[in-house]
Structures are given as C-alpha cells and as structure tokens.
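# Fold and contact review
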Amino acid sequence: MNAMTEVANLRLPYGSAGSQYEVEFDPEYGTLWGFFNPRGTPCFSLPLLNDIRAHDSLLALNGGQVLFEGELHPAQYYVVGSRVKGVFNLGGDLSLFQMLIKTRDRDALMDYGKRCIDCIHPHIQHHGSATMTTIALVQGDALGGGFETVLANDVIVAEESATMGLPEILFNLFPGMGAYSLLARRLGMKAAEDMILSGRLYKAAELHEMGLVDVVAADGDGEKAVYEWIRRNHRRRNGIQAMFQSRQHVHPITREELDRVVEVWVDAALRLEKDLKMMHRLVRAQTRRTGAESGALEQEQPVERLLAAGGA
C-alpha cells in the first residue's frame, strides 16, 4: 500500500446522515471533502442547496474548522466533488425556473438566486479561514451553475473527459450566479464575455491551456491527482494560501456585487417567452442524460448536440 492510498483510507464521513451533500474529513492533511449526491437530476435543487448551506454555515461559524470526533480541526484544504458518475453538476434547476417564470414569481426566483450565492460566496471567502485552500475536483460535466461552482475554487483539478461550460445563452439568458465575476477575475472581462456568449462547452485540456484548469488528470485518477497536488505543495501551503487570500484584496468579489448580478439575472429571466421552449428541451436533455448514466438509456451528449445545432 503506497502512502497516498494510506492517506485516502484515513478519510472518514461526518455530518448529517441522509444529506444530499456528503462530507468526509482526512485529519492527516486537514482535508475536507464535500460531494454532491443529489436525488434525481444532478442539478442545484433547493434541497441540495439547503444541505450545502447547512454544512458550510457551521464550517464558517467555527472559523473554517471541522468539528470531527468531538474536536475542532483546521480545514487546510476543502475539496468539492460529486458522487454522480460522469456529472459534477448540471447547474440550475431548469424545471423550477420554468415554473417560476411562467407564474411570474419574481420573489421566488430571487430567493433561488440568493441561495446559490449563499453557497458560492462563502467558498470564495474561504469560509472565514485565513489558512484554507479550496479545490474543485471535476470528474464529469460541470455546466452553468456547476461551472460557476468550479470557478469559485482556488485550484481546479479535472479529469480528461470532463466537460465545462455555460450554455445559458441557448435559452437567451446568462449565468447569473457568479460566472461573470469569477471569469473576469481569471481571464479579463472581454474573454469572460466571449465565453459566456459563446455557450460553448470545453474539455479539460482546452481550459488548462486557457489557464482556468490547474491540473488535468487521467480519467479515474482525479482524487489521486488532488492528493498529489496537496502533498507536493503542503510544505509551502502558508505562502500559497496567503496568495489565494490576497486575490480578494486585489480583485475582490463582494456579496453585494453578486447580489446585484442576481437581480439582473432575475429581471432577464422574467423577460423570457418563446425561449422557454428551449429551456424545456434542455430539461428533457438533462433527464435523458441522468437516465443514460443509470443504465436506462444509451449514453448520449444531448446538450452538446443542441449546441452544435445552434439551438434549432
């Protein structure tokens, strides 16, 4: 048994039983692992958002420390991944969006958007810790809000087959829960706008060339690559963490900024009419994709096909 396997074996579950956000803690490296494990479509449903927030609120309350086996342990690293095979997260709950837009329920749309920000902004702020590095582990599709969640991390590790992008422009909308702010900080405003308006989906290698993905791992080796990154950089983590903390001073992303963008997103969503038909098609595509990966249907890439057809 190699050292990396021994470290992985120290990861133990904690937190609420039955949660759609499963968490484990590795005390050896002070590494917190959080995994999306949604019921139904692997998107950001309200129950999943609530379970993420329940965990992360306690983490922030404890100053970025994990209450594990009766003691508080500093979380030096916080890794976010998914239990769903082939999917990190497909983004916003499009079925819910359809219903709220049709009923003109602005307050509920705003509430949903702010719940997403409740999960993303604390992660950008390292959950109140000055010594935490956040890491995204992408082992599948990260679309829309899933990609926004990935971008909220300091370090992005993606397996070769991972696909990421912002397809919201397909139904005449834009990603309103942090994409613009996060991409602009990493790539600049023009490049951020080009990516958002293209609606393109990107493979891990292409995003690595752009400087968005830090590590590309072979399929199946994502967790190993995370541990290797941690082991390789652990001795200099103080300097690395201080650098990541400094991003918030040089290029701050405030809660107020994100809330204002959510308001723009809500107003834009309420202007959708004919575009709801395309949203409905994407809802069906998400459902077919989930069924395919559970063995009910042949594996397919419906979102990519819709993009290739230009939304026709």
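Below: a short report on this structure. (Residues numbered from 1 in each chain as written. Predicted model: local features only at pLDDT ≥ 70, side-chain atom pairs only at ≥ 80, totals over all residues. Heavy atoms only, no water.)

## A look at the packing of aromatic side chains
Enumeration according to the criterion identifies eight aromatic pairs in this entry. Taking 5.4 Å as the distance between ring centres and 85° as the angle between the ring planes, the aromatic pair formed by Phe36 and Phe44 counts as edge-to-face. Given a relative accessible area of 7%, Phe44 falls into the buried group. Seen from their ring centres, Phe97 and Tyr112 are 5.1 Å apart, and the 85° between their planes marks the pair as edge-to-face. One end of the pair, Phe97, is in helix H3 (residues 94-102); the other, Tyr112, is in helix H4 (residues 106-124), with 15 residues separating them in the sequence. Taking relative accessible area as the criterion, Phe97 reaches 6% and is therefore assigned buried. For Tyr112, a relative accessible area of 1% translates into the label buried. (Phe/Tyr/Trp six-rings, centres within 6.5 Å; stacked < 30°, edge-to-face > 60°. Buried < 20%, exposed > 50% of the residue type's maximum accessible area, 1.4 Å probe, protein only. Helix = DSSP H or I, 4+ residues; strand = E, 2+ residues; numbered from the N terminus.)

## What about a positive patch on the surface?
A contiguous patch of positive charge on the surface is contributed by Lys224, Arg231, Arg232 and Arg236. Structurally, Arg232 is set in helix H9 (residues 222-233). Since its relative accessible area comes to 54%, Arg232 is described here as exposed. (Patch = residues over 30% accessible without salt bridge, like charges linked within 9 Å, V, L, I, M, F, W, Y side chains within 5 Å. Areas by Shrake-Rupley, 256 points an atom, 1.4 Å probe, with all protein chains shown as cover. Salt bridge = Lys/Arg side-chain N within 4 Å of Asp/Glu carboxyl O. Lys, Arg positive; Asp, Glu negative; His and termini not counted. Charge placed at Lys NZ, Arg CZ, Asp CG, Glu CD.)

## Re the packing of H4 against helix H11 (residues 255-270)
Packing of H4 against H11 brings their axes to within 9 Å, and their N-to-C directions diverge by 150°. Between H4 and H11 the crossing geometry is right-handed. Here Arg106, Leu109, Met110, Gly113, Lys114, Ile117, Asp118, His121 and Ile124 of H4 lie close against H11, whose contacting residues are Arg255, Leu258, Asp259, Val262, Glu263, Trp265, Val266, Asp267, Ala269 and Leu270. Here the residues of the contact of H4 with H11 are counted per class, giving ten nonpolar, two polar and seven charged. (Axes fitted to C-alpha atoms, helices over the stretch in contact; angles between N-to-C directions. Left-handed = near helix turned anticlockwise from the far one by under 90°. Contact = heavy atoms within 4.5 Å. Nonpolar A, V, L, I, M, F, W, Y, C, P; charged D, E, K, R; others polar.)

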